Amino acid sequence: LFNEGGLEKLLDKKTPPGKSPYLTEEQQKKLKHMILHSTPFEQGLGMATSWDTRIIPSYLQNQYGISMTRVGVNKMLHRLGLSYTRPTYTLAKGDEQKQRAFVQEMEMIKKLM
């Protein structure tokens with residue numbers, strides 16, 4: 001760069017260093033929206049109910065013909081403002097009263113120890 005435009009060209013911060021992203025900005029927006037508003041099952045990617053770094057590379061390969069590692073996908077998701085969280089489950093047939101009684105009993109046991 002110095003030979004092309006001197007010190008000013010070298011210090012120019014308009015072009016970011018490093019490799020250009022695999023996905024365009026539009027593709028990244030679509031991916032983020034899909035991850036936030038649908039499940040892999042709804043997208044026809046098996047029976048999974050939550051997205052992870054095993055499923056996303058396969059989706060990218062099928063949809064865009066792009067091959068990315070799990071680490072690369074993880075970094076991209078971080079840049080998109082997404083982070084991995086474990087899915088939480090609630091018992092549909094759980095008895096709230098029994099659950100509260102259990103929690104109280106466990107608190108009593110903890111105090112006795």
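Described below are features of the structure shown in this document.

Reading the values: the criteria
Residues numbered from 1 in each chain as written. Predicted model: local features only at pLDDT ≥ 70, side-chain atom pairs only at ≥ 80, totals over all residues. Heavy atoms only, no water. Phe/Tyr/Trp six-rings, centres within 6.5 Å; stacked < 30°, edge-to-face > 60°. Buried < 20%, exposed > 50% of the residue type's maximum accessible area, 1.4 Å probe, protein only. Helix = DSSP H or I, 4+ residues; strand = E, 2+ residues; numbered from the N terminus. Contact = heavy atoms within 4.5 Å.

### Some thoughts on the packing of aromatic side chains
Scanning all chains against the criterion turns up two aromatic pairs. On the basis of an interplanar angle of 75° and a centroid distance of 6.3 Å, the ring pair of W51 and Y59 is categorised as edge-to-face. Classification of Y59 as buried rests on a relative accessible area of 11%. Seen from their ring centres, Y59 and Y64 are 6.4 Å apart, and the 90° between their planes marks the pair as edge-to-face. Its relative accessible area of 24% is what places Y64 among the partly exposed residues. One aromatic cluster in this structure is built from W51, Y59 and Y64.

### Structural notes on the side chain of Q28
Among the structural elements, Q28 can be located in helix α2 (residues 25–37). Judged by its relative accessible area of 16%, Q28 falls in the buried class. Excluding its chain neighbours within four sequence positions, the residues that come into contact with Q28 are P21, L23 and L80.

### Side note on helix α3 (residues 55–64)
Along α3, the residues classified as buried are I55, I56, P57, Y59 and L60. Elements in contact with the buried residues of α3: α2 and α4 (70–79). Trailing α3 by a residue or two, G65 shows a phi angle of about 70°, which is positive.

The values are spatial; any link to function lies outside them.
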